[in-house]
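Breakdown of the fold
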Amino acid sequence: MMVLHHGWRSSASRRVRLCLEEKGLSYQSHVVDMAKMEHHSPDYLKINPLGVIPTLMHDGRPLHESGTICEYLDESFPDPPLRPDAPYERGEMRNWIRHIDGLIGNLIVFNWRHHLQKVAKQWSDEELAEKMKSIPSRERQEAWLRVARKPHTEEERGAARTRLVQLLDKMEEALAPSGWLVGKAYSIADIAAVPFVKRVEEEIAPDQVSEKTHPRVAAWWAIIQARPAFARANIGPFVTTDS
Ligand SMILES: N[C@@H](CCC(=O)N[C@@H](CS)C(=O)NCC(=O)O)C(=O)O
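Residues numbered from 1 in each chain as written. Predicted model: local features only at pLDDT ≥ 70, side-chain atom pairs only at ≥ 80, totals over all residues. Heavy atoms only, no water.

Let's talk about the pairing of strand 4 (residues 61-64)
- Bridge count for strand 3 (residues 55-58) against strand 4 is four bridges, and the pairing is antiparallel. Paired with methionine 57 across the strands is proline 62, a residue of strand 4.
- With antiparallel pairing between neighbouring strands as the criterion, strand 3 and strand 4 make up a hairpin whose turn holds two residues, including aspartate 59 at a positive phi of roughly 50 degrees. (Pairing = 2+ DSSP bridges. Helix = DSSP H or I, 4+ residues; strand = E, 2+ residues; numbered from the N terminus.)

Points about the environment of alanine 189
- As for its placement among the helices and strands, alanine 189 is situated in helix 10 (residues 188-204).
- Taking C-alpha positions, alanine 189 is 19 Å from isoleucine 53, a pair spaced 136 residues apart along the chain.
- Setting aside its immediate chain neighbours within four residues, alanine 189 contacts Met93, Trp96, Ile100, Leu181 and Val182. (Contact = heavy atoms within 4.5 Å.)

Considering the nonpolar core
- Leu73, Trp96, Met171 and Trp220 are the most contacted members of the largest nonpolar core, which has 51 residues in total.
- Broken down by secondary-structure element, the contributors of at least two residues to this core are strand 1 (2-6), helix 1 (11-22), helix 3 (66-76), helix 4 (87-101), helix 5 (104-111), helix 9 (154-174), helix 10 and helix 11 (215-225).
- When residues of this core are assigned to their parent elements, the largest contribution, ten residues, is made by helix 10.
- Not counting residues within four places of it along the chain, the set of residues in contact with leucine 73 comprises Met2, Val16, Cys19, Leu20, Lys23, Leu25 and Leu56.
- Counting residues in hydrophobic clusters, the runner-up holds 21 residues, among them Ala35, Ile53, Trp123 and Ala143. (Core = buried A, V, L, I, M, F, W, Y, C linked by side-chain atoms within 4.5 Å. Buried < 20%, exposed > 50% of the residue type's maximum accessible area, 1.4 Å probe, protein only.)

Some points on the layout of surface pockets
- By volume, the largest pocket amounts to about 1,000 Å³.
- For the lining of the largest pocket, the elements supplying multiple residues, two or more each, are helix 1, helix 4, helix 5, helix 6 (115-120) and helix 8 (138-149).
- Per-class residue counts for the lining of the largest pocket are 20 nonpolar, 13 polar and eight charged.
- In this structure, the lining of the largest pocket is formed jointly by two domains, domain 1 (2-76) and domain 2 (87-113 + 152-231), each of which donates at least three residues.
- For the second largest pocket, the calculated volume is near 180 Å³.
- For the second largest pocket, the full set of lining residues is Glu89, Glu92, Trp96, Lys170, Ala174, Pro177, Ser178, Trp180, Leu181, Val182, Gly183 and Lys184.
- If you list the elements that add at least two residues to the lining of the second largest pocket, you get helix 4 and helix 9.
- Of the residues forming the lining of the second largest pocket, the biggest block, three residues, is contributed by helix 4. (1 Å grid on protein atoms, 1.4 Å probe; cavity = no way out; pocket = protein on both sides within 12 Å on 5 of 7 lines; lining within 4 Å. Points joined across faces, edges and corners; volume = space filled by probe spheres on them. Nonpolar A, V, L, I, M, F, W, Y, C, P; charged D, E, K, R; others polar. Domains from an automatic or database assignment.)

Brief notes about the sheet that holds strand 3
- The four strands lie next to each other as 2-1-3-4, forming an open sheet whose pairing is mixed. One side of each edge strand has no neighbouring strand; the edge strands of this open sheet are strand 2 (28-31) and strand 4. When the angles between neighbouring strand axes are averaged without regard to direction, this sheet yields 20 degrees.
- Strands in contact with helix 3 are strand 1, strand 3 and strand 4; relative to strand 4, the strand with the most contacts, it is inclined by about 125 degrees. (Axes fitted to C-alpha atoms, helices over the stretch in contact; angles between N-to-C directions.)

Quick look at the domain arrangement of the protein chain
- Per the domain assignment, the segments making up the protein chain are domain 1 (2-76) and domain 2 (87-113 + 152-231).
- The straight-line distance from the C-alpha centre of domain 1 to that of domain 2 is 21 Å.
- Contacts between the two partners involve 13 residues from domain 1 and, on the opposite side, 19 residues from domain 2.
- Residue glutamate 22 pairs with arginine 227 through a salt bridge whose shortest N-O separation is 2.7 Å.
- Across the domain 1-domain 2 interface, the total number found is four residue pairs in polar contact (both at pLDDT 80 or more).
- Going through the elements one at a time, helix 1 and helix 3 are the ones with two or more residues in the side of domain 1 that touches domain 2. (Salt bridge = Lys/Arg side-chain N within 4 Å of Asp/Glu carboxyl O. Polar contact = N/O pair within 3.5 Å; in protein donor to acceptor, adjacent residues only side chain to side chain.)

Regarding the packing of helix 1 against helix 3
- Interhelical geometry of helix 1 versus helix 3 gives an angle of 10 degrees and a closest axis separation of 9 Å. The orientation of helix 1 with respect to helix 3, classified from their angle, is roughly parallel. Every residue of helix 3 that contacts helix 1 at Ala12, Arg15, Val16, Cys19 and Leu20 is listed here: Ser66, Gly67, Ile69, Cys70 and Leu73.
- Residues belonging to the contact of helix 1 with helix 3 are distributed by class as follows: seven nonpolar, two polar and one charged. (Parallel < 35°, antiparallel > 145°, perpendicular 65-115°, else oblique.)

Encoded structure:
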């Protein structure tokens, strides 16, 4: 039995849902509310020492890191395959995941200014200091401090936008041979990019996911959104009326 601890808007959670749905695997959904800091509760930290979502529980054992979880799922449930066969291409796939993981800070600049900022800026200094104590990483402590007290500037958002558009440039080049990021088929490398492209397209730089600027990325994006698993994974709009 599988339980996915996740968030509907979380990019890393979206990857795992895409993978589960591609494979037609059923799972129990447990939504972790980041605005209530549920991901830093002692119980959650026991299953995810990094204090982030998602975490997959499979037969009572927890696994964290979305890229790792997707590979684990593909190894455990090989049909349909989501990794290329050739070792070199598998290496390339892992490097894509690693590269995109490294860009998460740029997405946070845009994502957290919506509902999380609204909540965090209302915390008193004492509340903020208390919450900081249960955040395991310095990097994320800094991210929460920023959102609570020193929101990112327009200049910082511009720099983050540039780095995310550079991801599209890199994808445009990689997509040339087959239309997929690695090998000749949809893989976990593509899945890793989906939540990022979704956010770039809907808010961060919509004009960049287009026939004019990145034609291969635009074609890839259209094909991905038409996959039945994409609809089932529930990758809805990031900003909703309740945010
Ligand atoms: N590399 C991790 C990143 C996980 C991650 O950063 N998750 C975000 C949501 S997309 C999170 O839990 N953020 C909450 C926080 O940093 O406090 C993965 O791929 O699983």
